[in-house]
Protein chains: 2
Amino acid sequence: MTQKSDHIPRATIQRLAVYVQVLENLLREGTEVISSEPLAKACNVNASQIRKDLAYFGEFGVRGVGYYVKSLIDSITSALGVDREWRTVLIGVGNLGRALLNHKEFRLRGFNIVGAFDCDPFKIGEEISGLEVVCTKRLKEKIGENGAEIGIITTPPERAQRAANHLVEAGIKGILNFAPARISVPSEVNVEYVDLFHHLYALSFNITFGSSE
Amino acid sequence: MTQKSDHIPRATIQRLAVYVQVLENLLREGTEVISSEPLAKACNVNASQIRKDLAYFGEFGVRGVGYYVKSLIDSITSALGVDREWRTVLIGVGNLGRALLNHKEFRLRGFNIVGAFDCDPFKIGEEISGLEVVCTKRLKEKIGENGAEIGIITTPPERAQRAANHLVEAGIKGILNFAPARISVPSEVNVEYVDLFHHLYALSFNITFGSSE
DNA sequence: TTATAATTGGGAATGATTTCACAATCAGGA
DNA sequence: TCCTGATTGTGAAATCATTCCCAATTATAA
């Protein structure tokens, strides 16, 4: 899959992920074809938004008919580069780290967690969901063996930057950071932040000052 | 705290949460005053962006000096409506649900989880982090007692809409949805989606097609 | 008291994204 | 084969967000 256009808005990428989610649920319910209008409703966006988003990557629809759900899912996942296996490692075996390690959906969606790391000697050696927790110092060595490209940080905030440094040094290409801290990495490394509290803050603001009016 | 301006961009709200995160880390390191330029660097945004974002809510800085870190945190949290306790309930006591119930940070940040619900008879009655898991059917009754305003959905996707319906019926004002499905609710109810895979998809796309060039 | 250096707040200009509107295209039936 | 109704793909317009720039303001030091 190659892009038709050079620059693709970040918002478009985020929406594509939503489209996939909704399309998968539609497929599960037996829908084979859908047009942009009802799909837009289900995704809570504008119909031309969907068409424009898809147009960045090619022409996937049939005029007068709509989109074939299954083939559209394939087209979008291919456009996002998720039609393959991605190997990941996780640093920080706390509550959240454990939950993620036990989350089967990761493997199901092609994001295989192939290594778990922590610097706490009491955790090293422990086995979680078939993975042995390894000392963070051995990260580079281990990544050399398993070829992981994505790192997941689930440490406390004060250790996030150190974890990021380890990952960068090991040659990782992308980081998913759950720690509530910004990290700085070389520009060729991609970072995505997941922060529950950002969403809770947004809820708090919207409830308090009313976004729904 | 009241807003100066009527409409505030969603992106601004998200950035305010980032500013708080970074400012809290600065405070922990002993910084008392900071100007928009270095703060912008730490947050990875433009300096006038910060000033404009803050200007939606009032004038918090001192010309020629900058912003007092502590007081700016207070101003922003007040602007977001998070300078109070928010009571929340959680539906869906799976892996993720358990991890969230055990996550102390929630209480620390004023988002108190005061109820845990599930429809699985094997889970009902179980005690997690001081909370007894209750049948989802008793949601309305329980919320009547504890006055929760925010619901957290951690069910599988196919049960997300039902959970949302229960929450709406119980009079909840906002929903944080971790289930990989869109839900539909009346417009006065606010919904925020947290989806790991959206972030992983974005990473995949950026790594594959190069956002860092 | 006045001059200087720093830095905010906000208007104006720019840039990006979303929505509109419609020609182009397709399936299906007469 | 041709017409009708539906729906895409896309240029143009409208909206929204970001960045630039500088007057206004403040602390500090002479």
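These lines cover the structure that appears in this document, whether it is placed above or below. Keep in mind the model is a prediction, meaning the values are calculated, not measured.

1. Regarding the overall build of chain A
At step 1: In terms of helices and strands, chain A carries nine helices and nine strands.
At step 2: On the principal axes, the C-alpha backbone points of chain A span a range of 60 × 45 × 35 Å.
At step 3: Looking at chain A as a whole, 50% of its 213 residues are labelled buried.
At step 4: Considering only contacts within chain A whose residues lie at least 6 apart along the sequence, 58% involve residues at least 24 apart.
At step 5: Carbon together with sulfur atoms contributes 49% to the accessible area of chain A, which is approximately 10100 Å² in total.
At step 6: A gap of 1 Å separates the mean positions of the 24 positive and 25 negative side-chain charges of chain A.

2. Overview of the sheet that holds strand β6 (residues 131-135) of chain B
At step 1: Here we have seven strands laid out as an open sheet, ordered β5-β6-β4-β3-β7-β8-β9 (chain B), and mixed in their pairing. Where the open sheet ends on each side, the last strands, each with one partner, are β5 (127-128) and β9 (190-193) of chain B.
At step 2: Relative to strand β7 (residues 150-153) of chain B, strand β3 (residues 86-91) of chain B runs parallel, the two being bridged by four bridges. Bridge pairing links leucine 90 of chain B to isoleucine 152 of chain B in β7 of chain B.
At step 3: Set on the sheet, helix α9 (residues 196-209) of chain A makes contact with β3, β4 (111-118), β7, β8 (174-177) and β9 of chain B; between it and β9 of chain B the angle comes to about 170°.

3. Considering the sheet that holds strand β6 (residues 131-135) of chain A
All names here are of chain A.
At step 1: Pairing is mixed across the open sheet formed by seven strands, whose spatial order is β5-β6-β4-β3-β7-β8-β9. Each edge of the open sheet is held by one strand with a lone partner, namely β5 (127-128) and β9 (190-193).
At step 2: Strand direction decides the pairing type here: β5 and β6, joined by two bridges, are antiparallel. Across the sheet, the residue bridging to glutamate 127 is glutamate 132, located in β6.
At step 3: Its contacts with the sheet put helix α8 (residues 157-169) on β3 (86-91), β7 (150-153) and β8 (174-177), and the angle it makes with β7 is roughly 165°.

4. Brief notes about the packing of aromatic side chains
At step 1: Inspection of every chain in the model, using the stated rule, returns ten aromatic pairs over all chains.
At step 2: On the basis of an interplanar angle of 80° and a centroid distance of 6.3 Å, the ring pair of phenylalanine 57 of chain A and phenylalanine 205 of chain B is categorised as edge-to-face. Placement of phenylalanine 57 of chain A in the loop between α3 (47-55) and β2 (67-68) and of phenylalanine 205 of chain B in helix α9 (residues 196-209) is noted, with the two residues assigned to different chains. With respect to burial, phenylalanine 57 of chain A and phenylalanine 205 of chain B carry one shared label: buried.
At step 3: Aromatic pair tyrosine 201 of chain A and phenylalanine 111 of chain B: ring centres 6.3 Å apart, planes at 25°, arrangement stacked. Here tyrosine 201 of chain A, found in helix α9, pairs with phenylalanine 111 of chain B, found in strand β4, and the two come from separate chains.

5. Things to note about the relation of the copies chain A and chain B
At step 1: Once chain A is rotated about the relating axis by 180° and shifted along it by 0.0 Å, it coincides with chain B to within an RMSD of 0.1 Å. Here the copies are linked by what is in effect a two-fold axis. Minimal C-alpha distance to the rotation axis in chain A is attained by alanine 99 of chain A, lying at 3.0 Å.
At step 2: A high fraction, 100%, of the interface residues of chain A reappear at the interface in chain B, so the copies pair face to face through one surface.

6. Structural notes on the protein's contact with DNA strand D
At step 1: By nearness alone, 26 residues border DNA strand D, and Ser36, Arg51, Arg63 and Tyr67 of chain A together with Arg15 of chain B come closest of all.
At step 2: At a separation of 3.3 Å, a phosphate oxygen of DNA strand D approaches a polar backbone atom of phenylalanine 60 of chain A.
At step 3: Arginine 63 of chain B places a polar side-chain atom, nitrogen or oxygen, 3.0 Å from a base nitrogen of DNA strand D.
At step 4: For the surface near DNA strand D, the elements supplying multiple residues, two or more each, are α3 of chain A together with α3 (47-55) of chain B.
At step 5: Per-element tally for the surface near DNA strand D: the top contributor is α3 of chain B, with four residues.
At step 6: When grouped by side-chain class, the residues that make up the surface near DNA strand D number eight nonpolar, nine polar and nine charged.

7. Here we look at the pattern of salt bridges
Residue and element names in this part refer to chain A.
At step 1: Under the defined criterion, the tally for this structure stands at 24 salt bridges over all chains.
At step 2: The partner of aspartate 53 in a salt bridge is arginine 15, with the nearest N and O atoms 2.7 Å apart. Here arginine 15 lies in helix α1 (residues 10-28) and aspartate 53 lies in helix α3, a separation of 38 residues in the sequence.
At step 3: Aspartate 118 serves as the salt-bridge partner of lysine 123, at 3.9 Å between the closest nitrogen and oxygen.
At step 4: Salt bridges sharing partners connect three or more residues here, namely Glu24, Glu105 and Arg109.

Cut-offs used in this document
Residues numbered from 1 in each chain as written. Chains lettered and ligands numbered in written order. Predicted model: local features only at pLDDT ≥ 70, side-chain atom pairs only at ≥ 80, totals over all residues. Heavy atoms only, no water. Helix = DSSP H or I, 4+ residues; strand = E, 2+ residues; numbered from the N terminus. Buried < 20%, exposed > 50% of the residue type's maximum accessible area, 1.4 Å probe, protein only. Contact = heavy atoms within 4.5 Å. Areas by Shrake-Rupley, 256 points an atom, 1.4 Å probe, with all protein chains shown as cover. Lys, Arg positive; Asp, Glu negative; His and termini not counted. Charge placed at Lys NZ, Arg CZ, Asp CG, Glu CD. Pairing = 2+ DSSP bridges. Axes fitted to C-alpha atoms, helices over the stretch in contact; angles between N-to-C directions. Phe/Tyr/Trp six-rings, centres within 6.5 Å; stacked < 30°, edge-to-face > 60°. Least-squares fit on C-alpha atoms with pLDDT ≥ 70 in both. Near = heavy atom within 4 Å. Polar contact = N/O pair within 3.5 Å; in protein donor to acceptor, adjacent residues only side chain to side chain. Nonpolar A, V, L, I, M, F, W, Y, C, P; charged D, E, K, R; others polar. Salt bridge = Lys/Arg side-chain N within 4 Å of Asp/Glu carboxyl O.

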